[in-house]
Amino acid sequence: MALLESNNNRGEVRIYENLDELSTDLADYIAELSEASVKERGFFAIALSGGSVISLMRNLCGAPYNKTVDWSKWYIFWADERVVAKNHVDSNYKLAKDHLLSKLPIVPSHVHSINDSLTAEEAANEYEFVIRQLVRTRVVNVSEVSDCPKFDLILLGMGPDGHVASLFPNHSVLEEKNEWVTFITTSPKPPPERITFTLPVINSAANVAVVVTGGGKAEASRLAIDDLGPGSPVLPARMIEPTVGKLVWFLDNQAASKLKGFSQFSK
Ligand SMILES: O=C(O)[C@H](O)[C@@H](O)[C@H](O)[C@H](O)COP(=O)(O)O
């Protein structure tokens with residue numbers, strides 16, 4: 001793994017030779033945050049996304065984490081979810097359940113998925129209500145600087161267009177300032193109906209990790225991380241700027257290949 005110098009407040013940029021190396025370090029990173037959070041406040045509230053990030057978390061299912069992580073303190077949420085039945089192949093809940101949650105001793109009542117019998121709007125409202133209850137009891141921490149929950153970790157993937165969660169380029173949800181969870185019905189990436197955390201919630205997290213792999217995302221990674229000239233498009237991924245939290249990028253060689261300084265690192 002190499003750390004790329006970043007002097008523009010775009011967080012820590014970790015670059016890996018291959019996916020195995022990335023998965024190993026990602027599991028370590030998550031386990032360390034879990035330990036620190038459980039020690040400090042007794043809970044670990046983590047929000048997942050859909051896509052490849054879930055399979056890249058696979059090492060958490062084996063040694064040493066099966067023994068060292070206090071899974072009973074984990075509370076699982078989704079930073080975004082597709083509004084489909086929970087057993088549908090497009091469901092982010094199903095993806096996480098099949099590849100991760102079913103292999104970990106997480107308390108079933110700590111898994112907070114959306115109500116799949118509602119419309120997108122209703123599901124977003126209800127999901128926000130659920131989070132508000134858990135903020136009240138401090139299972140989810142509360143931000144000291146905004147009227148938002150402070151998740152211990154929000155894990156995101158990024159699309160080739162620079163979207164994160166279900167925040168797509170040029171969509172009005174990028175402007176949302178008041179809601180914690182909102183909905184869209186016109187996602188350019190199918191399926192069209194989704195709920196998503198808003199930017200204020202993502203930027204209130206204690207930790208945000210963005211996991212990006214593959215050459216098809218090299219240009220979006222550059223636009224999300226590097227210093228840019230005037231007139232460059234502002235991708236949703238570039239709008240991740242945790243107010244007090246820490247941002248870490250997990251990139252493989254290919255996704256990092258267009259970053260300034262990458263050629264120096266790859267020699
Ligand atoms: O449900 C979703 O579609 C997402 O949460 C989305 O934001 C995803 O994380 C990215 O599109 C990256 O997906 P890949 O890593 O599979 O490209």
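Residues numbered from 1 in each chain as written. Predicted model: local features only at pLDDT ≥ 70, side-chain atom pairs only at ≥ 80, totals over all residues. Heavy atoms only, no water.

As recorded by an unreviewed UniProt entry, the chain carries the name Probable 6-phosphogluconolactonase and is attributed to Tagetes erecta. Recorded in UniProt for the chain, the comment headed Catalytic activity (unreviewed entry) runs: "6-phospho-D-glucono-1,5-lactone + H2O = 6-phospho-D-gluconate + H(+)". In the Sequence similarities (unreviewed entry) part of its UniProt record, the chain is described as follows: "Belongs to the glucosamine/galactosamine-6-phosphate isomerase family. 6-phosphogluconolactonase subfamily." (UniProt positions renumbered as here; feature names shortened; annotations may be inferred.)

Student: In this structure, what is going on with the overall build of the chain? I would like to understand it.
Tutor: Secondary structure assignment for the chain yields 8 helices and 12 strands. Over its C-alpha trace the chain gives a radius of gyration of 17 Å, about what one expects of a compact globule, namely 18 Å for 267 residues. The principal-axis extent of the C-alpha atoms belonging to the chain is close to 50 × 45 × 40 Å. The buried share of the chain, reckoned over its 267 residues, is 54%. A separation of at least 24 residues holds for 73% of the contacts in the chain among residues at least 6 apart in sequence. Only carbon and sulfur atoms are counted for the fraction: they give 50% of the accessible area of the chain, which is about 11700 Å². (Helix = DSSP H or I, 4+ residues; strand = E, 2+ residues; numbered from the N terminus. Rg over C-alpha atoms; globule rule 2.2 N^0.38 Å. Buried < 20%, exposed > 50% of the residue type's maximum accessible area, 1.4 Å probe, protein only. Contact = heavy atoms within 4.5 Å. Areas by Shrake-Rupley, 256 points an atom, 1.4 Å probe, with all protein chains shown as cover.)

Student: Help me out: how do you make sense of the UniProt feature "domain: Glucosamine/galactosamine-6-phosphate isomerase" (unreviewed entry) in the chain in this one?
Tutor: Sites flagged by UniProt as "domain: Glucosamine/galactosamine-6-phosphate isomerase" (unreviewed entry) map to residues 19–249. Taken end to end, residues 19–249 has its terminal C-alpha atoms 14 Å apart, with 29% of it in helix and 17% in strand.

Student: Would you mind going over the site of the ligand with me for this structure?
Tutor: Surveying the vicinity of the ligand reveals 15 residues, the closest of which are Ser52, Asp80, His163, Ala165 and Lys217. Between the ligand and Arg82, the relevant distance is 2.7 Å, taken from an oxygen atom to a side-chain nitrogen or oxygen of the residue. In this structure, Lys189 approaches the ligand through a side-chain N or O atom, which is 2.7 Å from an oxygen atom. If the ligand stood free it would expose 420 Å²; the protein chains cover 89% of that surface. For the ligand, the cavity whose grid points lie within 2 Å of the majority of its atoms is the largest pocket. Its residues assigned to classes, the shell around the ligand comprises 3 nonpolar, 7 polar and 5 charged. (Near = heavy atom within 4 Å. Polar contact = N/O pair within 3.5 Å; in protein donor to acceptor, adjacent residues only side chain to side chain. 1 Å grid on protein atoms, 1.4 Å probe; cavity = no way out; pocket = protein on both sides within 12 Å on 5 of 7 lines; lining within 4 Å. Sits in = over half its atoms within 2 Å of the grid points. Nonpolar A, V, L, I, M, F, W, Y, C, P; charged D, E, K, R; others polar.)

Student: When you look at the pattern of salt bridges in this model, what are you seeing that I'm missing?
Tutor: Side chains that carry opposite charge are capable of pairing whenever their charged atoms lie near each other. Counted by the stated rule, this structure contains 12 salt bridges. Its salt-bridge partner being Lys246, residue Glu12 comes within 3.1 Å of it at the nearest N-O pair. With Glu12 in strand β2 (residues 12–16) and Lys246 in strand β12 (residues 246–252), the pair connects residues that are 234 residues apart, well separated along the chain. Note that Asp80 and Arg194 form a salt bridge whose closest N and O atoms lie 3.6 Å from each other. Of this pair, Asp80 sits in strand β5 (residues 80–82) while Arg194 sits in strand β10 (residues 194–197), and the two are 114 residues apart along the sequence. (Salt bridge = Lys/Arg side-chain N within 4 Å of Asp/Glu carboxyl O.)

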